[in-house]
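Structural characterization, general
These are the residues of each chain, in order.
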Amino acid sequence: MTYADVRMGHTGAIYKATNWNYVGEMKGSPAWIDPSMGKQVARKSTISRTNKEMLDLGYECIGVFGKHKFVMHLEANK
């Protein structure tokens, strides 16, 4: 299983071209940045924070983005 990140502009073209099966777009989750550094921060890294905690820490939500999910079914050797 693999994902193509919509926020990064990925469509999964390479997975489609190599015969991965498209499952659909997964539910989106918020993307956060640290405005002082302009870098993305993870809400779930060493600890899981709520959206309110992220806002309280000064992080900025730049949107909610899903991911395209692909799977490849492998056959066992006989």
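Residues numbered from 1 in each chain as written. Predicted model: local features only at pLDDT ≥ 70, side-chain atom pairs only at ≥ 80, totals over all residues. Heavy atoms only, no water.

**Side note on the overall build of the chain**
A tally of helices and strands in the chain yields two helices and six strands. Moving toward the C terminus, one meets the helices and strands of the chain in the order β-α-β-β-β-α-β-β. The globule rule puts the C-alpha radius of gyration for 78 residues at 12 Å, and the 16 Å found for the chain is more than 25% above it. Looking at the chain as a whole, 21% of its 78 residues are labelled buried. Contacts in the chain between residues far apart in sequence, at least 24 positions, make up 71% of those at least 6 positions apart. Averaging the locations of the 11 positively and 7 negatively charged side chains of the chain gives two centres separated by 5 Å. (Helix = DSSP H or I, 4+ residues; strand = E, 2+ residues; numbered from the N terminus. Rg over C-alpha atoms; globule rule 2.2 N^0.38 Å. Buried < 20%, exposed > 50% of the residue type's maximum accessible area, 1.4 Å probe, protein only. Contact = heavy atoms within 4.5 Å. Lys, Arg positive; Asp, Glu negative; His and termini not counted. Charge placed at Lys NZ, Arg CZ, Asp CG, Glu CD.)

**A closer look at the environment of Asp 56**
If you trace the backbone, Asp 56 turns up in helix H2 (residues 51–56). With 49 residues separating them in the primary sequence, Asp 56 and Arg 7 have C-alpha atoms 24 Å apart. Among the polar contacts made by the side chain of Asp 56, one reaches the side chain of Lys 52 at a distance of 2.8 Å. (Polar contact = N/O pair within 3.5 Å; in protein donor to acceptor, adjacent residues only side chain to side chain.)

**What to know about the sheet that holds strand S6 (residues 67–71)**
Reading across from one edge, S1-S6-S2 is the order of the three strands in this open sheet, with antiparallel pairing throughout. Of all strands in the sheet, those with a lone pairing partner are strand S1 (2–5) and strand S2 (21–25), marking the two edges. The sheet shows a mean angle of 25° between the axes of neighbouring strands, taken without regard to direction. With four bridges joining them, S2 and S6 adopt antiparallel strand pairing. Bridged to Tyr 22 within S6 is Phe 70. (Pairing = 2+ DSSP bridges. Axes fitted to C-alpha atoms, helices over the stretch in contact; angles between N-to-C directions.)

**Things to note about the sheet that holds strand S5 (residues 60–65)**
An order of S4-S3-S5 is seen for the three strands of this open sheet, with the pairing classed as antiparallel. Strands at the two margins of the open sheet, each flanked by one partner only, are strand S4 (39–41) and S5. In this sheet, adjacent strand axes meet at a mean angle of 40° when their direction is disregarded. Strand direction decides the pairing type here: strand S3 (residues 29–34) and S5, joined by five bridges, are antiparallel. Bridge assignment links Pro 30 to a residue of S5, and that residue is Val 64.

**Quick notes on the packing of aromatic side chains**
Describing an aromatic ring pair means giving the distance of the ring centres and the angle of the ring planes. One pass over the full model with this rule turns up three aromatic pairs. Relative to Phe 70, the ring of Tyr 15 lies with its centre 5.3 Å away and its plane at 35°, an arrangement referred to as tilted. Taken together, the residues Tyr 15 in helix H1 (residues 13–17) and Phe 70 in strand S6 connect sequence positions 55 residues apart. We classify Tyr 15 as partly exposed; its relative accessible area is 21%. Overall, the relative accessible area of 0% leaves Phe 70 in the buried class. Centre to centre, the rings of Tyr 22 and Phe 70 are 5.1 Å apart; their planes meet at 55°, and the pair counts as tilted. With Tyr 22 in strand S2 and Phe 70 in strand S6, this pair connects stretches of sequence that are 48 residues apart. Of the residues examined, Tyr 22 reaches a relative accessible area of 42% and is grouped as partly exposed. (Phe/Tyr/Trp six-rings, centres within 6.5 Å; stacked < 30°, edge-to-face > 60°.)

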